[in-house]
Amino acid sequence: MLVVAEHEQLPVAEARAGEPDAWDILLKRYQLPLYVYVFELVHHEQASLDIVQETFINAARHIGGLREDGKFGSWLFGIAHQKCIQHWRRRRPEELPIDAEDEAYVESDAGPEEMLIRKEQEEQFMKLLERLALPHRAVLLLHFVEDFSIEEIARITETQAGTVKSRLHYAKRALRKLLEDKR
C-alpha cells in the first residue's frame, strides 16, 4: 500500500506557477493513494475515478489558496474527502455500492495456500470496515492505511484533533466488537 509522506520534496510552487510537468509529477504521486482512499469510502469504481479527477481539477483551480506547500498531500486528501461527502449526499438510494473484484498484490514468495488465506482475511476485514459509519471508516483509513497524523486527519476532515481522536477510538472499538461478534 502506498503511503503519502508530507516531508518529501514536491514541485508545488511550480504547479502553482502553472507548469504542466509539475502537475504531472503531483498526479503520478497522489493519483493511486487518492483512488484507494476514495474507493474505500464510496465503493464504486467509476465514482471513485470521477472524484479523483474532480479533486485534481479543484486543486488546480485553488492551489493559490494553499498556504504551506509542505501540506499539499493532506490538502489534496481534504479536497477528496469533501468530494466523497458530496457524493454520499447526492447519491440516490437505488445507487448501491458495487463490490469490485480486488486484485491485491501479495508477495511472490508466499505459497498458494498463504495467498488464499491472506486474501480471505483481507476480504473479511474490508467487509467489516464497510459496516462502520463513514466518519469512522475515513479516520481508520487515513490513519492506518495512508499513515496521516491526527493533526493531518483533522485538516483533511475539517474537524478538531480531539474529534479525530474520538472517532479513531470509537472506530477501533466498533471494529473490535465486529470482530468479536464474528467469532
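The structure under discussion appears in the preceding block.
The structure presented is a predicted model; accordingly, all values stated were derived computationally and were not measured.

A. Examining a negative patch on the surface more closely. There is a patch of like negative charges on the surface, built from Glu14, Glu19, Asp21 and Asp24. Positionally, glutamate 14 belongs in helix 1 (residues 12-16).

B. Spatial organisation of the nonpolar core. Counting 43 residues, the largest nonpolar core has Tyr30 and Phe72 as the members making the most contacts within it. Sorting the residues of this core by element identifies helix 1, helix 2 (20-42), helix 3 (45-62), helix 4 (72-90), helix 5 (112-130), helix 6 (134-145), helix 7 (150-157) and helix 8 (161-182) as the ones contributing at least two each. Here this core takes nine residues from helix 2, the largest share from any one element.

C. Summary view of helix 6. Between its first and last C-alpha, helix 6 extends 15 Å over 12 residues, near the 16 Å set by a 1.5 Å rise per residue. Taken as a whole, helix 6 has its buried residues at Arg137, Ala138, Val139, Leu140, Leu141 and Leu142. Where helix 6 is buried, its residues meet helix 2, helix 4, helix 5, helix 7 and helix 8. Immediately downstream of helix 6, the backbone of aspartate 147 shows phi near 65 degrees, a positive value.

D. Molecular detail of the side chain of asparagine 58. With respect to the helices, strands and loops of the structure, asparagine 58 is situated in helix 3. When near neighbours in sequence (up to four residues on either side) are disregarded, asparagine 58 contacts Ile79 and Lys83.

E. Representation of the environment of histidine 62 within the structure. As for its position among the elements, histidine 62 is in helix 3. Judged by relative accessible area, histidine 62 falls into the partly exposed class, the value being 48%. For histidine 62 and arginine 16, which are 46 residues apart along the polypeptide, the C-alpha to C-alpha distance reads 9.0 Å.

F. The arrangement of the pattern of salt bridges in detail. The final tally for this structure, using the stated rule, is three salt bridges. A salt bridge links lysine 177 to aspartate 181; the nearest nitrogen and oxygen atoms lie 3.2 Å apart. Taken together, the residues lysine 177 and aspartate 181, both in helix 8 and four residues apart, mark about one turn of the helix.

Parameters and conventions
Residues numbered from 1 in each chain as written. Predicted model: local features only at pLDDT ≥ 70, side-chain atom pairs only at ≥ 80, totals over all residues. Heavy atoms only, no water. Patch = residues over 30% accessible without salt bridge, like charges linked within 9 Å, V, L, I, M, F, W, Y side chains within 5 Å. Areas by Shrake-Rupley, 256 points an atom, 1.4 Å probe, with all protein chains shown as cover. Salt bridge = Lys/Arg side-chain N within 4 Å of Asp/Glu carboxyl O. Lys, Arg positive; Asp, Glu negative; His and termini not counted. Charge placed at Lys NZ, Arg CZ, Asp CG, Glu CD. Helix = DSSP H or I, 4+ residues; strand = E, 2+ residues; numbered from the N terminus. Core = buried A, V, L, I, M, F, W, Y, C linked by side-chain atoms within 4.5 Å. Buried < 20%, exposed > 50% of the residue type's maximum accessible area, 1.4 Å probe, protein only. Expected span 1.5 Å × (residues − 1). Contact = heavy atoms within 4.5 Å.

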